[in-house]
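Letter by letter, the chains look like this.
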Amino acid sequence: MTDAATSALPPVPLHGLLFDVAGASAQGPRKENQDAFAVDAFTTRGFVAVADGMGGERAGRLAADTALSTLASGTEIRSLDAARYAVRAADEAVARSAQQAPDERGGMGCALALMALSVDRGGEVGWIGAHVGDVRILSRSPDGTVRLETRDHTPAYARWEAGEIALDEIPDSPGSNKLQRAVGRGGEAEARWIPVRPGWTYLLVSDGVTKAMRLDELGDAMALASSEAICQSITRKVEERGPDDNYTAVAVRVLDGDGGTMPAPPRRDPVMAAAATTAAASAQTAPRPNDLRADEAPRNLFNPPAEVDVNGPRRSSKAGGIALVLALLALGLAAYAAWAATQSRGADPALTAQVDSLRNEVRTLRARAAVPNDSMGLTVDSVPVAAGAVPPAGTTAPPVQAPAAAQTTTGATTGAARPTPTKQP
């Protein structure tokens, strides 16, 4: 929780990985910097956070500091529910502080985002991410894909979700500065699991950054060689464009156990990108709707599906094949019974026609079941006959064999409304 231009930590070893962490915050044109960030607790608690006090309300900086200090002094965050409870505790702390001096602090609040390291039951390391308001969490994989891991709680963001505007048009759209949820105003956090991988970079930014930089530009900054360089690059770019708000960024790079990092591959040219897109479409593997390459236009829908189908690939059911084989056998026996009847009755034309009809049905079912010709003792143009019996005209009786032992095939199946807080005066 500092106003220092840049605050960087030495590499922090946690869970067999090394983490490069840095943060930066600046006042911009405002009289006070109501943004705050927390990185120092990462060495002991494994979490980082950014809070953005509501600039149009009283004591916005106090709200941001109160929220972050409550997170730092609370219990460890090791689950999605724990993250929600931690944010709820911060909300209650901000509300209590406002009640203590209503004339000076009445209605104060802030937007908030946090990431806390955790390990799931399978031993996989990941972030517990939670946010309220419009502080964003982004991730960048080594292939250059930038992911927006959060959704702004603003009317302008809802318009993007509805496809009415582009993602980069959100800051200039009506409702971009009106928070639908805020810490201190009873805002509930959204929480999610974010995987941690060596070579990945994660970024928390207040809306003062996203007003000045596009998502692909943030992706370019996230590709730099250190978290401190990332924060410096963001600060430089925002200052060059003239900020109109406080702005804050916290960057985390994940190194491998030896302190190295996976190099990011060079950008794909448009031809290769188009070819990859075509190949993906032909394989019916659609990317997550919120996955954006740093060199592509950032426009997609939100709420991405899971990357991995937990149910696994679809498998063809064996029940249908077994049913067809049984039906085939029943028709074969019926055909044989009808043929035997023709022998005892002098080849009744009606029964002969029935035999032919059953034989055709056997052919059809065999084609559908794709059963080998000798798998059930049947042939396409004949049915088994009893010893000594005379086959129908135009057919040849197969050799008589002793009945085979029955075989069983088994197979497994898988089968009271609060007022809308405003951040800007």
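Since the structure is predicted, the reported quantities are computational estimates derived from the model, not experimental observations. (Residues numbered from 1 in each chain as written. Predicted model: local features only at pLDDT ≥ 70, side-chain atom pairs only at ≥ 80, totals over all residues. Heavy atoms only, no water.)

**Re the packing of helix α2 (residues 60-73) against helix α3 (residues 80-100)**
When two helices pack together, their arrangement is captured by the angle between the axes and the distance separating the axes.
Stage number 1. At a minimum axis separation of 8 Å, α2 and α3 run at an interaxial angle of 140°. Of the possible angle classes, the one that applies to α2 and α3 is oblique. For α2 against α3, the interelement crossing comes out right-handed. Where α2 approaches α3, its residues Leu62, Ala63, Thr66, Ala67, Thr70 and Leu71 are matched on the opposing element by Ala86, Val87, Ala89, Ala90, Ala93, Val94 and Ser97.
Stage number 2. Of the residues in the contact of α2 with α3, the class split is 10 nonpolar, three polar and no charged. (Axes fitted to C-alpha atoms, helices over the stretch in contact; angles between N-to-C directions. Helix = DSSP H or I, 4+ residues; strand = E, 2+ residues; numbered from the N terminus. Parallel < 35°, antiparallel > 145°, perpendicular 65-115°, else oblique. Left-handed = near helix turned anticlockwise from the far one by under 90°. Contact = heavy atoms within 4.5 Å. Nonpolar A, V, L, I, M, F, W, Y, C, P; charged D, E, K, R; others polar.)

**Topic: the pattern of salt bridges**
Stage number 1. On inspection of all chains with the given rule, the structure shows 18 salt bridges.
Stage number 2. Linking Asp245 and Arg30 is a salt bridge whose minimum nitrogen-to-oxygen distance equals 3.7 Å. Here Asp245 is found in the loop between α8 (227-241) and β12 (247-255), whereas its partner Arg30 is found in the loop between β3 (17-26) and β4 (35-38), with 215 residues between them in sequence.
Stage number 3. Using a relative accessible area of 3% as the deciding quantity, one classes Asp245 as buried.
Stage number 4. When the shortest N-O distance is used, the salt bridge between Arg214 and Glu217 registers 3.4 Å.
Stage number 5. Given a relative accessible area of 37%, Arg214 falls into the partly exposed group.
Stage number 6. When its relative accessible area of 12% is taken as the criterion, Glu217 is described as buried. (Salt bridge = Lys/Arg side-chain N within 4 Å of Asp/Glu carboxyl O. Buried < 20%, exposed > 50% of the residue type's maximum accessible area, 1.4 Å probe, protein only.)

**Regarding the packing of helix α7 (residues 215-222) against α8**
Stage number 1. In contact at an axis separation of 8 Å, α7 and α8 are set at 140° when each is read in the N-to-C sense. Here Glu217, Leu218, Ala221 and Met222 of α7 lie close against α8, whose contacting residues are Ile230, Ser233, Ile234 and Arg241.
Stage number 2. Partitioned by chemical class, the residues of the contact of α7 with α8 number five nonpolar, one polar and two charged.

**Overview of the pairing of strand β6 (residues 110-119)**
On a regular strand, one side chain projects to one face of the sheet and the next to the other, so that they alternate.
Stage number 1. Judged by how many residues are buried, β6 sits mostly within the fold: nine of 10 residues are covered.
Stage number 2. Note: strand β5 (residues 47-53) against β6, seven bridges, orientation antiparallel. Within β6, the position partnered with Val50 by the bridge is Ala113. (Pairing = 2+ DSSP bridges.)

**Brief notes about α2**
Stage number 1. Across its 14 residues, α2 extends 20 Å between first and last C-alpha, which sits within 8% of the 20 Å expected from 1.5 Å per residue.
Stage number 2. For α2, every residue scored as buried is listed here: Gly60, Arg61, Ala63, Ala64, Thr66, Ala67, Leu68, Thr70 and Leu71.
Stage number 3. Packed against the buried residues of α2 are β4, α1 (42-45), β5, α3 and β6. (Expected span 1.5 Å × (residues − 1).)

Geometric values such as these leave the question of function open.
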